[in-house]
Amino acid sequence: MTAEVAPGEVLLECTDLVRRFGGVAAVDGVGFGLRAGEVSALIGPNGAGKTTVFNLLSGFLAVTSGSITWRGRDITSAKATARAGSGLVRTFQQPRVFAALTVHQNLVTATHAVVPSRVSADLLGLPGARRRARQRQGFADELLDRFDLAVHAEVKAGDLPYGLRKRLGLVLGVAASPRVLLMDEPAAGLNDAEVELLKQDLATIRGSGVTICIVEHHMGLIMSVSDRVMVMESGRMIADGTPAEIANDERVVAAYLGQGATA
Amino acid sequence: MKSGSVKAFFKDRTRIGWVAVVVLAVFFATIGDPTYIHLGSLVAIWALWGSSFNLIWGYAGQFSLAQVGFGAVAGYSVAILTARWGWSFWAAVPLAIALTVLFSVVVGYFSLRLSGFYFAIMTLAFALLVVRVISSSELAGRSTGIKSNFDIGTISLGPLEWNLTSRTGGFVLLAFVLLAAVLAFIGRIERSGTGWALNGLREDETLSRSLGIEPLRFRLVGFMVSAVIAAIGGILYATYLRYISPGFFGLPAVIAMIALVVLGGRGFRFGPVLGAVVYIGITQWLEVGGEWGDGVFGALLILLVLFAPKGLLGIDLRRLRRRAEPPPPTDDDEPVAARPVPRRESQGVKA
Ligand SMILES: Nc1ncnc2c1ncn2[C@@H]1O[C@H](COP(=O)(O)OP(=O)(O)OP(=O)(O)O)[C@@H](O)[C@H]1O
Ligand SMILES: [Mg+2]
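Caption draft 1: Summary view of the overall build of chain B. Each helix and strand in chain B was counted, giving 14 helices and four strands. A burial count over chain B gives 51% of its 351 residues as buried. Contacts in chain B between residues far apart in sequence, at least 24 positions, make up 75% of those at least 6 positions apart. Summed over all atoms, the accessible surface of chain B reaches about 16,800 Å², with 65% contributed by carbon and sulfur.

Shown next, in the form of structure tokens:
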């Protein structure tokens, strides 16, 4: 799925991103690139603009100014669905799942990007439609196994406890077959055991060749999984470096780490 | 149920649905009594209309009030083509359906971008506009409508002659065959990627978009297919009554369509069939008199919305039994214990 991506290639790049809400610039001149194979983190205090950056990158919000390129192509005004379809996938801070569908059905639905629907074939019942239905099932089964969700396969996603719903939300992102996966606070609200599980999931996802960018407040997680950490404050990028560099950066400590982030 | 295999057979709700449709068809088509032929025709036609609304609302989550309008466009197209312009019935039907689909694309283009309430109002406006235009058009016979003997005639199937004339058992059978075809078609959509996309959009549009599912594209497809189903219902209705007038397609029809889908169970493939049986049963068969019939039906709806908001097919018997136990905690401290859940056997969205 990601075979043709050269390691170290800049997949996603944004330049001078600005997003204003009314008079307030939630994102104010942010630029960075994500290299293939890297795990990067985007941290910063509440309201720093992290989620807004993800919304801009994934096409859920339009930029006020600035540009975004995806594998060298300008996607600044591309639709969210087109970005997801080309492998730029995001997850949500509040866990989002298809509440009325079972876990298995959630995954089948999420395979849309991998096995696109041909509407006419579906309606006419052409053989291709049946083959694609089987592919979807197979892919969903594989994910159930890979992320230990098989025992919950028939549970309605809305009935899952919070931790599992969060996990399913992440796996739905994986099901969309991303090249780059933007995760918005995957550890929020999880207990220690669940965070350990999340670390394993991140390793699995990374191992399958997916480039990862995580927004998180859980510093323990960030410091142990990231190759690179970017720090935002008030819509601006104030630091960008290795975890060790960031931990010792005076500005970062003053702006964020000093004021009681989860260690 | 006596034997285990019978029990196993009926464990699958889809099978129960099919058996019910076949039983209804055979019963109404062979009984020969004009009253039952009347009831049977109405059940099949309302089940078709309900299926149209169920597809767009139950599956795709779009509360479209235009479905009756689609039925009107199709029914009137056939009436005008045959009665006014001398077309044969079988030539008029495909053109009428094509015109309806075209109309649904126009309606969809303007309304599918709107959300929730505004979508409902916009589609209702289109439906009422259709009735308005029809009742002021000379060609459509204004408020009196068009009288026409839609002459479907007889189909020869080898040695068998299938008489399709309105108000015969053959017509009832035709109506049920069309209903079955539509239900089978909806089942196919259910299991396809298009069906999953519609489900996803109904459940969470934002999440669906993040997974690459394009809302407008799939909703428009759902809208067009639902328009075809409504068109079949509208044509059958006019054919059955040998008559078409704007009165059939006003607000009462819109409300009845919604009510029978709610009653049967939104998003259940066979829900509209059950809804139509109950609706026609109460308003026609009980003959509790026009207004009283509506009153009884209304009271039933109120009870249902209060006690079984998912409709008759949505009543989960197992869950009712589990009521007594305390609800499971939603915020476990422990990593969640694996609940022993059986693996799926079939993979439909809903039966
Ligand atoms: N849709 C919106 N409309 C108006 N203001 C918004 C909107 N989205 C975000 N903001 C504002 O932009 C700023 C940045 O918000 P954002 O959600 O990006 O922060 P964040 O870094 O993700 O914070 P947290 O860690 O709490 O999730 C906040 O002041 C927020 O109130
Ligand atoms: Mg946020």
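Caption draft 2: Seen up close, helix α5 (residues 127-146) of chain A. Taking 1.5 Å of rise per residue, 20 residues should cover 28 Å, and α5 of chain A covers 29 Å from first to last C-alpha, within 8% of that figure. Turning to α5 of chain A, its buried residues number three or more, namely G128, A129, R132, A133, R136, Q137, F139, A140, L143 and L144 of chain A. Along its buried surface, α5 of chain A packs onto α3 (103-110), α4 (119-124) and α6 (162-175) of chain A together with α7 (169-191) and α8 (193-203) of chain B. Trailing α5 of chain A by a residue or two, D148 of chain A shows a phi angle of about 55°, which is positive.

Caption draft 3: Up close: the pairing of strand β3 (residues 39-43) of chain A. Residues and elements named next belong to chain A. Counting buried positions along β3 gives five out of five residues, so the element sits mostly inside the fold. Neither face of β3 is left uncovered, since the one carrying V39, A41 and I43 and the one carrying S40 and L42 both have all their residues buried. Where β3 and strand β8 (residues 211-215) come together, four bridges link them in parallel fashion. Bridge pairing links L42 to V215 in β8. Across four bridges, β3 lies against strand β9 (residues 228-233) in parallel orientation. Across the sheet, residue S40 finds its bridge partner in β9, namely R228.

Caption draft 4: How the structure looks around the site of ligand 1. All names here are of chain A. The environment of ligand 1 is formed by F21, A26, N46, G47, A48, G49, K50, T51, T52, Q93, E185 and H217. At 2.8 Å from an oxygen atom of ligand 1 is found a side-chain nitrogen or oxygen belonging to K50. Here an oxygen atom of ligand 1 and a side-chain polar atom of E185 are 3.4 Å apart. Its free accessible area being 630 Å², ligand 1 has 60% of it covered by the protein chains. With three residues, the top contributor of residues to the shell around ligand 1 is helix α1 (residues 50-58).

Caption draft 5: Inspection of the sheet that holds strand β4 (residues 65-70) of chain A at higher detail. All names here are of chain A. Across the sheet, four strands lie side by side as β2-β1-β4-β5; this open sheet has antiparallel pairing. Pairing within the sheet leaves two strands with one partner each, and these edge strands are β2 (24-35) and β5 (73-74). As paired elements, β4 and β5 share two bridges and run antiparallel to each other. Pairing of T69 across the sheet is with D74, part of β5. Strand contacts of α1: β1 (10-21), β2 and β4, with the helix running at about 120° to β1, the strand carrying the most contacts.

Caption draft 6: Main features of the coordination of the magnesium ion (ligand 2). Residues and elements named next belong to chain A. Here the magnesium ion (ligand 2) is held by the protein donor atoms T51 (OG1) and Q93 (OE1), which lie 1.9 to 2.2 Å from it. Pair noted here: T51 is in helix α1 and Q93 is in the loop between β6 (88-90) and α3, with a separation of 42 residues, a long-range link. Of the residues examined, Q93 reaches a relative accessible area of 30% and is grouped as partly exposed.

Caption draft 7: Here's a closer look at the interface of chain A and chain B. Taken together, the contact pairs 49 residues of chain A with 46 residues of chain B. For the pair chain A and chain B, the summed buried area comes to about 3,900 Å², and 61% of that belongs to carbon and sulfur atoms. If you look at where chain A meets chain B, you find two salt bridges. With a closest N to O distance of 3.3 Å, E214 of chain B and K79 of chain A form a salt bridge. Summed over the shared surface of chain A and chain B, the number is five residue pairs in polar contact (both at pLDDT 80 or more). Tallied by class, residues from the side of chain A that touches chain B come to 28 nonpolar, 13 polar and eight charged.

Definitions and cut-offs
Per chain, residue numbering runs from 1 following the sequence as it is written. Chains carry letters and ligands carry numbers; both start at the beginning, A for chains and 1 for ligands, and go up in the order they are written. Only residues with pLDDT of at least 70 are given local features in this predicted model, and only at 80 or more are side-chain atom pairs given and counted; all residues enter the totals for whole chains, interfaces and linings. Excluding hydrogens and water, the side-chain values take into account all heavy atoms of the structure. Note on conventions: DSSP H or I runs of at least 4 residues are helices, E runs of at least 2 residues are strands, and numbering of each starts at the N terminus. Relative accessibility thresholds used throughout: buried, under 20% of the residue-type maximum; exposed, over 50%; partly exposed, between the two (1.4 Å probe, protein chains only). Every residue pair with non-hydrogen atoms within 4.5 Å of one another is taken to be in contact. For the accessible areas, the method is Shrake-Rupley and the probe is 1.4 Å, while residue cover comes only from the protein chains on display. Given the number of residues in a helix, its expected span is that number minus one, multiplied by 1.5 Å. One requirement defines pairing of two strands: DSSP has to find at least two bridges between them. Whether a residue is near a molecule or strand depends on its heavy atoms: if one lies within 4 Å, it is near. Whenever a nitrogen or oxygen atom comes within 3.5 Å of another N or O atom, the pair is scored as a polar contact, on the condition that within protein one atom can donate a hydrogen and the other can accept it, and that pairs from neighbouring residues in sequence are kept only if both atoms are in side chains. Lines fitted to C-alpha atoms define the axes, with helix axes restricted to the stretch in contact, and inter-axis angles between N-to-C directions lie between 0 and 180 degrees. For Na, K and Ca the donor cut-off is 3.2 Å, and for all other metals it is 2.8 Å, counting N, O and S atoms only; because water is absent from this set, sites may look incomplete. Each of two parts loses accessible area, computed with a 1.4 Å probe, when they are put together; buried area is these two losses added. Note on definitions: salt bridges are taken to be side-chain nitrogens of Lys or Arg within 4 Å of carboxyl oxygens of Asp or Glu. Only Asp, Glu, Lys and Arg are considered charged, only Ala, Val, Leu, Ile, Met, Phe, Trp, Tyr, Cys and Pro nonpolar, and every remaining residue, Gly among them, polar.

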